[in-house]
Amino acid sequence: MKVGIGYDVHALVENRKLIIGGVYIPYEKGLLGHSDSDVLIHAIMDSLLGAMGIGDIGKLFPDSDDAYKDADSRVLLRRVYEIMQENNYSICNLDAVIIAQKPKMSPYIEEMKRNIAEDLKSDVSNISIKATTTEHLGFEGRGEGIGAQCVCLLETKEN
């Protein structure tokens, strides 16, 4: 068994769509970044890659590569799943938290869980996603950005 942890953060800016967990969330701002800037999926990918000991998303999908400009993070997550398969790993579970003062995430969490489970070919019961505010403290609390953290447990598949 292998444990991995992931963290990501992006600034909130105008004229960008807000995509978290592969879900479009209507909001006045979106996340700034090279890809679609899905902080949740980025944290999940980093936790999975870390558990496998093969680097991070910056190494695998560098922002210096135009191939990943405005990339759909769910497509990238499916590539990470392929790497898991190539390395004989399966998910025991993952537990993630979205850190945002606004907008309210709870209406979208179940859809996020379904998306992640689908992309990782895992039962939705293995996917935990929560959201929290920072009580107006820090950059998330001031509405300047959104962060996400994830921890995962992988196991080697039986042959």
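Structure: above.
Residues numbered from 1 in each chain as written. Predicted model: local features only at pLDDT ≥ 70, side-chain atom pairs only at ≥ 80, totals over all residues. Heavy atoms only, no water.

Let us now look at helix H4 (residues 109–119). For an α-helix the count is 3.6 residues per turn, leaving residues at separations of three or four pointing the same way. By the burial criterion, the buried members of H4 are Ile109, Met112, Lys113, Asn115, Ile116, Ala117 and Asp119. For H4, the elements touching its buried residues are strand E2 (19–20), strand E3 (23–24), helix H1 (39–52), helix H3 (73–86), strand E5 (89–99) and strand E6 (127–132). Phi turns positive one or two residues past the end of H4, at Lys121, with a value near 50°. (Buried < 20%, exposed > 50% of the residue type's maximum accessible area, 1.4 Å probe, protein only. Helix = DSSP H or I, 4+ residues; strand = E, 2+ residues; numbered from the N terminus. Contact = heavy atoms within 4.5 Å.)

Our focus in this paragraph is the layout of surface pockets. For the largest pocket, the calculated volume is near 240 Å³. Around the largest pocket, the lining is made up of 14 residues, and of these Ser35, His42, Ile57, Phe61 and Asp63 lie nearest the centre. Grouping the amino acids of the lining of the largest pocket by side-chain chemistry returns six nonpolar, six polar and two charged. (1 Å grid on protein atoms, 1.4 Å probe; cavity = no way out; pocket = protein on both sides within 12 Å on 5 of 7 lines; lining within 4 Å. Points joined across faces, edges and corners; volume = space filled by probe spheres on them. Nonpolar A, V, L, I, M, F, W, Y, C, P; charged D, E, K, R; others polar.)

On to the nonpolar core. In terms of nonpolar packing, the biggest core is built from 45 residues, with Ile20, Leu48, Leu120 and Ile146 touching the most fellow members. Where this core is concerned, the elements lending two or more residues are H1, H3, E5, H4, E6 and strand E7 (145–156). At ten residues, H1 tops the list of elements feeding residues into this core. Setting aside its immediate chain neighbours within four residues, Leu120 contacts Ile44, Leu48, Leu77, Tyr81, Met84, Ile91 and Leu94. (Core = buried A, V, L, I, M, F, W, Y, C linked by side-chain atoms within 4.5 Å.)

Under the criterion given, the structure shown has zero aromatic pairs. Between the NZ or CZ atom of Lys17 and the centre of the ring of Tyr24, over which it lies, the distance is 5.9 Å. (Phe/Tyr/Trp six-rings, centres within 6.5 Å; stacked < 30°, edge-to-face > 60°. Lys NZ or Arg CZ within 6 Å of the ring centre and 35° of its normal.)

With that settled, consider the environment of Ile98. With respect to the element layout, Ile98 can be found in strand E5. Classification of Ile98 as buried rests on a relative accessible area of 0%. A C-alpha to C-alpha distance of 6.2 Å links Ile98 and Lys130, two positions 32 residues apart in sequence. The residues contacting Ile98, other than those within four sequence positions of it, are Ile20, Leu40, Met105, Met112, Ile129, Lys130, Ala131, Thr132, Ile146, Gly147 and Ala148.

Functional significance is not addressed by these values, which are geometric in nature.
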